[in-house]
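Remarks on the overall topology
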Amino acid sequence: MAFSFSKYAIPVLAFVGMSVLIAQLVFSFQKNSTIAETQNYIRSSATSSINEDTLIVDDSQQAETFLPQITQPSQVELDPSGNYKFILIEVVDQANKKNVEYFVVGTKKFGYHKHILRDWKKKNHEYLENKEASCPGGGWMRAFFSESKIEIYSRSLTYGKSDHEFVKQIVKKSYPDFKISIEEDEF
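In this text, all values refer to a predicted model and were calculated from it rather than measured experimentally. (Residues numbered from 1 in each chain as written. Predicted model: local features only at pLDDT ≥ 70, side-chain atom pairs only at ≥ 80, totals over all residues. Heavy atoms only, no water.)

Here the focus is the overall build of the chain. When its secondary structure is counted, the chain shows four helices and eight strands. Written out in order from the N terminus, the α and β elements of the chain read α-α-β-β-β-β-β-α-β-β-α-β. Going through the 187 residues of the chain one by one, you find that 33% of them count as buried. For the chain, contacts bridging at least 24 residues in sequence account for 60% of all contacts bridging at least 6. In the structure as shown, the chain presents an accessible area of about 12300 Å², 54% of it carried by carbon and sulfur atoms. (Helix = DSSP H or I, 4+ residues; strand = E, 2+ residues; numbered from the N terminus. Buried < 20%, exposed > 50% of the residue type's maximum accessible area, 1.4 Å probe, protein only. Contact = heavy atoms within 4.5 Å. Areas by Shrake-Rupley, 256 points an atom, 1.4 Å probe, with all protein chains shown as cover.)

Below, the structure is given as C-alpha cells:
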C-alpha cells in the first residue's frame, strides 16, 4: 500500500502544530509567565496558525470551542433549465411543532421523487438535527431561466400532487422577476 500524502497531510500537520503549541505553552510556564500572558500568547498562536477552533477564554483555563454555524438550506433549489421532477419538503422542529419550514427542490438528477428527498436529507443532515423532514407532495417543472419562466404541473406518483399554488408562492420569493405558471393536467 502506497503512502498517500493527501490522506494523511492534514492530520499529521495538525498533530505537529498542536505539539509545537503545547511545547511553547510548557516553556512559557517554565519562564514563570502569568496565566494571562500565557493565554494571550496561546490566543495569538492558535488564531494565527495552528487551531482556530479552540481558545483559552478565562483564568480557569477552560477551553471554549467555537463550532461552525450550520447554514440553513436554500428555500428553493432548481435546475436552471429543462423538464424535471420537484418536491415540496416540510421540515418540522421536534422541540416546537409549530415551527414549520418549507423547501422546494427540483432536479433532473434523479428519476424518482423519493430520491430527491433522500439526497436533500443527506446533504442537510446537520440542519435537520432535532427536525423531521417529509414530503407532502411533488410534481414536475419546466424551467426556462434564460426566459425567466417556470411552469409547474403534474404530480408525484410516490407523494401525490403538491399544493401547486403554495409551491408557486415559495418559488416566487426566490425568483420574483420570473413568470411562474401552473399548468393543469389530466392526472
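There is more to say after this.
In this section: the nonpolar core. Grouped burial of nonpolar side chains is what soluble globular proteins tend to show. The biggest cluster of nonpolar side chains holds 16 residues, and the ones touching the most others in it are Leu 78, Val 104, Met 141, Ile 150, Val 167 and Val 171. Mapped onto this core, the elements with two or more residues apiece are strand 3 (76-78), strand 4 (81-93), strand 6 (131-144), strand 7 (149-153) and helix 4 (164-174). Apart from the residues lying within four places of it in its own chain, the contact partners of Ile 150 are Leu 78, Met 141, Arg 142, Phe 145, Val 171, Tyr 175, Phe 178, Lys 179, Ile 180 and Ser 181. (Core = buried A, V, L, I, M, F, W, Y, C linked by side-chain atoms within 4.5 Å.)

Where strand 7 lies against strand 8 (residues 179-183), five bridges are found, and the strand directions are parallel. Looking at strand 8, one finds that Lys 149 is bridged to Lys 179. Traced from strand 7 through helix 4 to strand 8, the parallel crossover comes out right-handed. (Pairing = 2+ DSSP bridges. Right-handed = clockwise from strand over helix to strand, strands pointing away.)

Where charged atoms from two side chains of opposite charge come close, those side chains can pair. Enumeration over the complete set of coordinates arrives at five salt bridges. The shortest N-O distance in the salt bridge between Glu 151 and Lys 149 comes to 3.7 Å. By relative accessible area, Glu 151 is classed as buried at 11%. Lys 149 sits in the partly exposed class, given a relative accessible area of 25%. Lys 161 serves as the salt-bridge partner of Glu 184, at 3.5 Å between the closest nitrogen and oxygen. Of this pair, Glu 184 sits in the segment after strand 8 while Lys 161 sits in the loop between strand 7 and helix 4, and the two are 23 residues apart along the sequence. (Salt bridge = Lys/Arg side-chain N within 4 Å of Asp/Glu carboxyl O.)

This part takes up the packing of aromatic side chains. With the rule as written, the count across this model stands at six aromatic pairs. Judged by centre distance (5.1 Å) and plane angle (45 degrees), the ring pair of Phe 103 and Trp 120 falls under tilted. Taken together, the positions of Phe 103 in strand 5 (residues 100-107) and Trp 120 in helix 3 (residues 113-123) put the pair 17 residues apart, joining distant regions of the chain. The same class applies to Phe 103 and to Trp 120, which are both buried. An aromatic cluster of three or more residues is present, and its members are Phe 103, Trp 120 and Tyr 127. (Phe/Tyr/Trp six-rings, centres within 6.5 Å; stacked < 30°, edge-to-face > 60°.)

Before going further, it helps to examine the environment of Pro 73. As for its position among the elements, Pro 73 is in the loop between strand 2 (63-65) and strand 3. Its relative accessible area of 9% is what places Pro 73 among the buried residues. For the pair Pro 73 and Tyr 127, spaced 54 residues apart in sequence, the C-alpha separation works out to 7.7 Å. When neighbours within four sequence positions are excluded, Pro 73 is seen to be in contact with Phe 103, Trp 120, Asn 124 and Tyr 127.

Attention now moves to the sheet that holds strand 6. The strand order across the open sheet built from six strands is 3-5-4-6-7-8, with neighbouring strands paired in mixed fashion. Lying at the two open borders of the sheet, with one neighbouring strand each, are strand 3 and strand 8. Strand-to-strand twist in this sheet, taken as the mean axis angle between neighbours without regard to direction, amounts to 25 degrees. Contacting strand 3, strand 4, strand 5 and strand 6, helix 3 crosses the sheet at an angle of about 55 degrees to strand 4. (Axes fitted to C-alpha atoms, helices over the stretch in contact; angles between N-to-C directions.)

Count 3.6 residues to each turn of an α-helix, and residues three or four apart come out pointing the same way. Within the sequence span of helix 3, burial applies to His 113, His 115, Ile 116, Leu 117, Asp 119 and Trp 120. Residues of helix 3 that are buried make contact with strand 3, strand 4, strand 5 and strand 6.

With that settled, consider unusual backbone geometry. The residue Asn 130 is not glycine, and still its phi comes out positive at about 65 degrees. Inspection of the secondary structure assignment puts Asn 130 in the loop between helix 3 and strand 6. One non-glycine residue, Ser 148, adopts positive backbone phi at about 55 degrees. With respect to the helices and strands, the residue Ser 148 is situated in the loop between strand 6 and strand 7. Ser 148 gets classed as partly exposed once you look at its relative accessible area, which sits at 28%.

Taken by themselves, the reported measurements are silent on function.
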